[in-house]
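Chains, contacts and geometry: an overview
Given next are the chains, with one letter for each unit.
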Number of protein chains: 2
Amino acid sequence: MSAKQFTSVWFREPRKAASPGRSREEIVAAAIELLDQEGLDGLSMRKLGAKLGAGATSLYWYVAHKDELLELVYDEVWGEMTMPEPEEVGWRAAATALAYSMRHVMLRHPWSADLLGRLPALGPNAMRVADRMRRMFRLAGFEGMDVDYAGSTLTAYVYGKTLPEIAWNSAMADHEYDADAMRAMVARAAKDYPDMLERMNMDVYDDPRAIQAVAFDFGLVSVLDGLERRLAT
Amino acid sequence: MSAKQFTSVWFREPRKAASPGRSREEIVAAAIELLDQEGLDGLSMRKLGAKLGAGATSLYWYVAHKDELLELVYDEVWGEMTMPEPEEVGWRAAATALAYSMRHVMLRHPWSADLLGRLPALGPNAMRVADRMRRMFRLAGFEGMDVDYAGSTLTAYVYGKTLPEIAWNSAMADHEYDADAMRAMVARAAKDYPDMLERMNMDVYDDPRAIQAVAFDFGLVSVLDGLERRLAT
DNA sequence: ACCTGAACACCGTTCAAGT
DNA sequence: ACCTGAACACCGTTCAAGT
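Figured I'd write up the structure that's included with this text. These figures come from a predicted structure and were not determined experimentally. (Residues numbered from 1 in each chain as written. Chains lettered and ligands numbered in written order. Predicted model: local features only at pLDDT ≥ 70, side-chain atom pairs only at ≥ 80, totals over all residues. Heavy atoms only, no water.)

Bringing the packing of helix 7 (residues 145-174) of chain A against helix 10 (residues 208-232) of chain B into the picture now. Two numbers describe a pair of packed helices, the interaxial angle and the distance between the axes. With their axes 9 Å apart at the nearest point, helix 7 of chain A and helix 10 of chain B run at an angle of 60° to one another. Two packed elements cross with a definite hand, and for helix 7 of chain A against helix 10 of chain B that hand is right-handed. When helix 7 of chain A is examined against helix 10 of chain B, the residues M145, D146, Y149, A150 and T153 of chain A are found in contact with a partner set consisting of I211, V214, A215, F218, G219 and V223 of chain B. For the contact of helix 7 of chain A with helix 10 of chain B, the per-class residue count stands at 8 nonpolar, 2 polar and 1 charged. (Axes fitted to C-alpha atoms, helices over the stretch in contact; angles between N-to-C directions. Helix = DSSP H or I, 4+ residues; strand = E, 2+ residues; numbered from the N terminus. Left-handed = near helix turned anticlockwise from the far one by under 90°. Contact = heavy atoms within 4.5 Å. Nonpolar A, V, L, I, M, F, W, Y, C, P; charged D, E, K, R; others polar.)

Between chain B and chain A, the contact holds 73 residues from the first and 73 residues from the second. Taken together, chain B and chain A are joined by 11 salt bridges. Put simply, R138 of chain A and E198 of chain B hold a salt bridge, and the shortest N to O gap is 3.0 Å. For the pair chain B and chain A, the number of links is 15 residue pairs in polar contact (both at pLDDT 80 or more). (Salt bridge = Lys/Arg side-chain N within 4 Å of Asp/Glu carboxyl O. Polar contact = N/O pair within 3.5 Å; in protein donor to acceptor, adjacent residues only side chain to side chain.)

What follows is about the pattern of salt bridges. Two side chains bearing opposite charge may form a pair once their charged atoms approach each other closely. Residue and element names in this part refer to chain A. Enumeration over the complete set of coordinates arrives at 39 salt bridges over all chains. The closest approach of N and O atoms between E87 and R135, which form a salt bridge, is 3.2 Å. One end of the pair, E87, is in helix 4 (residues 86-89); the other, R135, is in helix 6 (residues 124-140), with 48 residues separating them in the sequence. On the basis of relative accessibility, which here comes to 46%, the residue E87 falls in the partly exposed class. (Buried < 20%, exposed > 50% of the residue type's maximum accessible area, 1.4 Å probe, protein only.)

Bringing the protein's contact with DNA strand C into the picture now. Of all residues adjacent to DNA strand C, which total 19 residues, the nearest are G55, T57, W61 and Y62 of chain A together with R46 of chain B. Within 4 Å of the protein, the contacting atoms of DNA strand C are 54% sugar and phosphate, with bases supplying the remainder. The side chain of T57 of chain A places a nitrogen or oxygen atom 2.6 Å from a base oxygen of DNA strand C. Ranked by the residues each element gives to the surface near DNA strand C, the list is headed by helix 2 (residues 45-51) of chain B, at 3 residues. Taken together, the residues that form the surface near DNA strand C break down as 7 nonpolar, 8 polar and 4 charged. (Near = heavy atom within 4 Å.)

Residues and elements named next belong to chain B. Over its 15 residues, helix 1 (residues 24-38) extends 21 Å from the first C-alpha to the last, a length consistent with the 21 Å expected when each residue adds 1.5 Å. Among all positions in helix 1, only R24, I27, V28, A30, A31, I32, L34 and L35 are buried. Buried residues belonging to helix 1 abut helix 2 and helix 3 (66-79). One or two residues past the end of helix 1 sits G39, with phi positive at roughly 80°. (Expected span 1.5 Å × (residues − 1).)

This paragraph deals with the packing of aromatic side chains. Evaluation of the coordinates by the stated rule reveals 19 aromatic pairs over all chains. Seen in terms of ring centroids, Y159 of chain A and Y159 of chain B are 6.2 Å apart; in terms of plane orientation they differ by 20°. Their pairing is stacked. Residue Y159 of chain A is found in helix 7, and its partner Y159 of chain B is found in helix 7 (residues 145-174); the two belong to separate chains. Overall, the relative accessible area of 3% leaves Y159 of chain A in the buried class. Here a set of aromatic residues connected by ring pairs shows up, and it is made of W91, F137, F142 and Y149 of chain A together with F218 of chain B. The ring of F216 of chain A has R103 of chain A lying over it, and the distance from NZ or CZ to the ring centre is 4.8 Å. The lysine or arginine in question, R230 of chain A, covers the ring of F218 of chain B, its NZ or CZ lying 4.0 Å from the ring centre. (Phe/Tyr/Trp six-rings, centres within 6.5 Å; stacked < 30°, edge-to-face > 60°. Lys NZ or Arg CZ within 6 Å of the ring centre and 35° of its normal.)

This part covers the environment of G42 of chain A. Residues and elements named next belong to chain A. Among the secondary structure elements, G42 is positioned in the loop between helix 1 (24-38) and helix 2 (45-51). Sequence separation between G42 and L70 is 28 residues, and the spatial gap between their C-alpha atoms is 13 Å. Ignoring sequence-local partners within four residues, the contact set of G42 consists of L34 and K47.

The subject of this paragraph is the protein's contact with DNA strand D. The environment of DNA strand D is formed by 19 residues, the closest being R46 of chain A together with G55, T57, W61 and Y62 of chain B. In DNA strand D, atoms within 4 Å of the protein come from the sugar-phosphate backbone in 52% of cases. Taking R46 of chain A, its side chain carries an N or O atom lying 2.4 Å from a base nitrogen of DNA strand D. A distance of 2.6 Å is found between a base oxygen of DNA strand D and a side-chain nitrogen or oxygen belonging to T57 of chain B. Looking at the surface near DNA strand D element by element, the count peaks at 3 residues for helix 2 of chain A.

Take a look at the structure:
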């Protein structure tokens, strides 16, 4: 119906670059600070304006709407992801390092989980990582579209695994954590499934963070093994 | 700080079950209808009340807050996921079927992507799927915590892969899709990376849905191969 | 060129009051 | 037991007006 073309912040020239007023950089930095402190719900145009000592709506001069601001902020997240040059360490070590870096950046900025996979990743930092990842998988031996497929398999795993971790962490941060109470609750939900109840006796609920770390590595190794297997055939 | 215990709709008795007034089932059904029509942003307590011919705030008698309503709705999503009995078809066929079913349910209810991984999955339908998945991976040969790890590897992949698909689809639905314009835009973003530009000539942008389907299968096979490899060692 | 304030059309949630 | 309406404290965004 709507004839609007798809667009993105990255395709609009920023308003005059430098000059007197506020800059995009300043706004983005303040936004990230607010996000780290208060989460995604804590970022409102009004609060951000106030933080910058500006009127509630003055940000609309720099940014067409809130989503553009989020696109900007989102690319900063990509900027924090680090990864060795695949040519130097080999593809598998590079892939492992990238996966861990993605996970740590997400855990450090829990709000980023709500942006990942939802916003177009067309900023310069996202591009840099995407390029490195492509080179990594070509080095491994993938060709044509398989390079893309391998890349999205890896990122899908990392993302899909880390997001629930973040949700769990934040639910736990908002509440008093009590391993036994938790166990009792889950046991109640699982009461009809003897096979699930067996899990209750394990130490899953005593040190959830440690378990999460082991689980992440287990899956990562599996995914990389699976990709490696495709190269062999 | 807050001493509140973690809780969930599933741990509060529903208000008197049957009886005259509205029922949870009725409310949940209306909520899903609204969600399918207007997406997550389209679901407000006021609109849902109106749809049920009730005052804006009468829903608060059935549900403590909006998140509880979402937990209820979320479990319906799990209820739509189908999966053969692993004992009958073998673990790998069952895992493949489950993965595809998850993907299809998510694509059918795009709003569910915002709930998956974010809300605790403690409802009866979620439990049923979780139990079947556990039995599936035990049948495969996993033991102890590895059963969990294998399960969360699979769901992480499906979820992490499908969510960006949904975001892409909805961005495209809101805009006029033009393969060449899209190509030009991405090319511009990738201008510094010759390796990425090479991709532009492929047919990625001509039939995105078909490519997504192939990509999903590629990754799924890889993940299952990787899990299978762990069993061998 | 940059910023402001008022205004519009929304939210979720609480709560005293009604039947 | 169930539902209502008014009220509170918020949202994103538009826009005419100011400097």
